[in-house]
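Given next are the chains, with one letter for each unit.
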Amino acid sequence: MEARTLSESGAAPDADAFVLWVLVWSELAAFGILLVAFLVAGIVQRQAFVAAQDHLDPLLAGMNTLVLLTSGWQAALAGRTDASRHEQRRSLVIAAFFGFLFCAIKLFEYRGEIGAAGEATYGVFFELYFIITGFHLLHVVFGAVILLLVAWQPSPTNVTLITTLWHVIDLIWVSMFPIVYLV
Amino acid sequence: MNRIWAILLLLALAGVALVLLAGRSPFTLVPVFAATLFKSRLIVLDFMGFRNASFALRHGLVAWALALSLAAVGKLLITGMIAS
């Protein structure tokens, strides 16, 4: 019961696989640069970053990690080689639901943080924080919408493409969470 | 797949619990980053199905997570040295 990769889906031409991996590595490069910038700024403005991090809610962010991992699990179930069309649809819809739940929790979290964001004493912390997490949030919204669209017409290629991208969004969050909230 | 999901949830919960209970220090954050790497590996190999894929696919994505974790540990060391 393994997840199906693009090369195994049998329906994806090489061009699709190439475009997918260009997209995946573009995302990883963009988030990598942003997260390294966050780390470097945290060294330069050490005290401001430590003070600003007290306004974040690692518990809510931790909850969001569980939500996104659950969504990724459902996406992986949809991508199994032996999944029926009905199972694929159900798993994709559940994955999208958890994606939207992630967004709701994140927006709730923003509500508590937005007040502190304007204070100059926190330096560039909140600018980078909202750029990085907001950019990721947009990816989750976009990905969840695409998951629903693919659930409507689940072709093997489309399922493999969106689940691969969804796992990359998951992977980015898993690395982003300790860097932004804990270090 | 269900077992992998359960392991990922346990690792995530353990990481958050460790930091919330023991605070932010290199002693708590290094295990958190080790768990992050293990989670990344499980996502790539099992959720994405790259366990039998080429070396580049299997290790490229995990290398991205490894590079960021090393950068974060580097930041911890530098800020620790500046503070002391």
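To be clear, the structure that these remarks concern was listed above.
The notes below deal with the structure included here. Throughout, residues of each chain are indexed from 1 in the direction in which the sequence is written. Here every chain gets a letter starting at A, and every ligand a number starting at 1, in the order they are written. Residues qualify for local features only when their pLDDT is at least 70, as the model is predicted, and side-chain atom pairs are given and counted only at 80 or more; totals for whole chains, interfaces and linings, by contrast, use all residues. The side-chain figures draw on all heavy atoms in the structure; neither hydrogens nor water molecules are used.

## A look at the overall build of chain A
We apply this condition: Working definition: helices are DSSP H or I runs of at least four residues, strands are E runs of at least two. Numbering for both runs from the N terminus. Exposure is judged per residue with a 1.4 Å probe applied to protein chains only, and the accessible area is read against the type maximum: over 50% gives exposed, under 20% gives buried, and values in between give partly exposed. The contact rule is simple, with two residues in contact once any of their heavy atoms fall within 4.5 Å. A 1.4 Å probe and the Shrake-Rupley method give the accessible areas. Residues count as covered only by the protein chains that appear here. By the counting scheme adopted, Arg and Lys are positive, Glu and Asp are negative, and His together with the chain ends is not counted. Note on charges: their place is set at NZ of Lys, CZ of Arg, CG of Asp or CD of Glu.
Secondary structure summary: chain A contains six helices and zero strands in total. When the helices and strands of chain A are placed in sequence order, the string is α-α-α-α-α-α. Over its C-alpha atoms, taken along the principal directions, chain A stretches across nearly 55 × 30 × 25 Å. When burial is assessed residue by residue, chain A has 55% of its 183 residues classed as buried. Of the contacts made within chain A by residues no fewer than 6 positions apart, 83% connect residues no fewer than 24 positions apart. Accessible area of chain A: about 7600 Å², with a carbon and sulfur share of 70%. Across chain A, the 8 positively charged side chains and the 14 negatively charged ones have centroids separated by 9 Å.

## Digging into the pattern of salt bridges
Residues and elements named next belong to chain A. Quick note on the threshold: Basic side-chain nitrogens of Lys or Arg form a salt bridge, by our definition, when they fall within 4 Å of a carboxyl oxygen of Asp or Glu.
For the coordinates displayed, the defined rule picks out three salt bridges over all chains. For Glu87, the salt bridge is made with Arg80, and the minimal N-O distance between the two is 3.7 Å. You can call Glu87 partly exposed: its relative accessible area is 25%. With a closest N to O distance of 3.1 Å, Lys106 and Glu109 form a salt bridge. Of this pair, Lys106 and Glu109 both sit in helix α4 (residues 85-117), three residues apart, roughly one helical turn. A residue is classified by how much of its surface remains accessible, and Lys106, at 1% relative accessible area, is buried. Since its relative accessible area comes to 2%, Glu109 is described here as buried.

## Topic: the interface of chain B and chain A
Rule in force here: Joining two parts hides part of their accessible area as seen by a 1.4 Å probe, and the buried area is that hidden amount summed over both. Throughout this description, a polar contact denotes any pair of N or O atoms lying within 3.5 Å of each other; where both atoms belong to protein, one of them has to be capable of donating a hydrogen while the other can accept it, and for residues adjacent in sequence the pair is counted only when both atoms sit in side chains.
At the junction of the two partners, chain B supplies 39 residues and chain A supplies 44 residues. Taken over both partners, the interface formed by chain B and chain A buries close to 3700 Å², and the fraction arising from carbon and sulfur atoms is 78%. When the buried surface of chain B facing chain A is broken down by residue, Arg24, Trp64 and Lys75 of chain B rank first, second and third, together holding 20% of it. Connecting chain B to chain A are zero salt bridges. Applying the counting rule to chain B against chain A returns four residue pairs in polar contact (both at pLDDT 80 or more).

## Here's the deal with empty space enclosed by the protein
Formally: Both cavities and pockets are sets of points on a 1 Å grid over the protein atoms alone; in a cavity a 1.4 Å probe fits but cannot get out, in a pocket the set is open with protein on both sides within 12 Å along at least five of seven lines, and lining residues sit with an atom within 4 Å of a point. Grid points are joined across faces, edges and corners, and a volume is the space filled by probe spheres set on the points. Here the term charged refers only to Asp, Glu, Lys and Arg, the term nonpolar to Ala, Val, Leu, Ile, Met, Phe, Trp, Tyr, Cys and Pro, and the term polar to all other amino acids, Gly among them.
Scanning the entire structure with this criterion turns up two cavities of 30 Å³ or more. Lining of the largest cavity is provided by Thr65, Val174, Phe177 and Pro178 of chain A together with Leu11, Ala12, Gly15, Val16, Val32, Ala35, Thr36 and Lys39 of chain B. Contributing elements (two or more residues each) for the lining of the largest cavity: α6 (156-182) of chain A together with α1 (2-22) and α2 (26-47) of chain B. Classifying every residue of the lining of the largest cavity gives eight nonpolar, three polar and one charged.

## A look at the layout of surface pockets
As a volume, the largest pocket reaches approximately 290 Å³. Val50 and Val183 of chain A together with Arg24, Leu76 and Thr79 of chain B are, among the 16 residues lining the largest pocket, the residues nearest its centre. The dominant element in the lining of the largest pocket, judged by the number of residues it contributes, is helix α3 (residues 55-83) of chain B, at five residues. A breakdown of the residues in the lining of the largest pocket according to their chemical character gives eight nonpolar, five polar and three charged. Roughly 160 Å³ of internal volume is contained in the second largest pocket. Together, Asp16, Val19, Leu20, Leu23, Phe142, Ile146, Val150, Asn158, Leu161, Ile162 and Leu165 of chain A line the second largest pocket. For the lining of the second largest pocket, the class distribution of residues is nine nonpolar, one polar and one charged.

## So, a nonpolar patch on the surface
All names here are of chain A. Rules: In this analysis, a patch consists of residues with relative accessible area above 30% that form no salt bridge, clustered at 9 Å for like charges and at 5 Å for the nonpolar side chains Val, Leu, Ile, Met, Phe, Trp and Tyr.
A cluster of nonpolar residues, Val93, Phe100, Val141, Val145, Leu148, Leu149 and Trp152, forms a patch on the protein surface that exposes about 620 Å² of accessible area. Residue assignment for the nonpolar patch shows that the elements contributing at least two residues are α4 and α5 (125-152). Counting residues per element, the nonpolar patch draws most heavily on α5, which supplies five residues. Phe100 gets classed as partly exposed once you look at its relative accessible area, which sits at 34%.

## Some points on the packing of aromatic side chains
Where we set the bar: Centre distance within 6.5 Å is the pairing criterion for rings of Phe, Tyr and Trp, where only the six-membered ring of Trp is used; planes under 30 degrees apart are then read as stacked, over 60 as edge-to-face, and the remainder as tilted.
Applying the stated rule across the entire model yields 20 aromatic pairs over all chains. Look at Trp73 of chain A and Trp5 of chain B: their rings are 3.8 Å apart centre to centre, the planes differ by 5°, and that puts the pair in the stacked class. Highlighted residues: Trp73 of chain A in helix α3 (residues 58-78) and Trp5 of chain B in helix α1, drawn from two different chains. Summarising the aromatic geometry, the rings of Trp173 of chain A and Phe177 of chain A are spaced 6.4 Å apart at their centres and angled 25° between planes, so their arrangement reads as stacked. With Trp173 of chain A and Phe177 of chain A both in helix α6, this residue pair falls four residues apart, about one helical turn.

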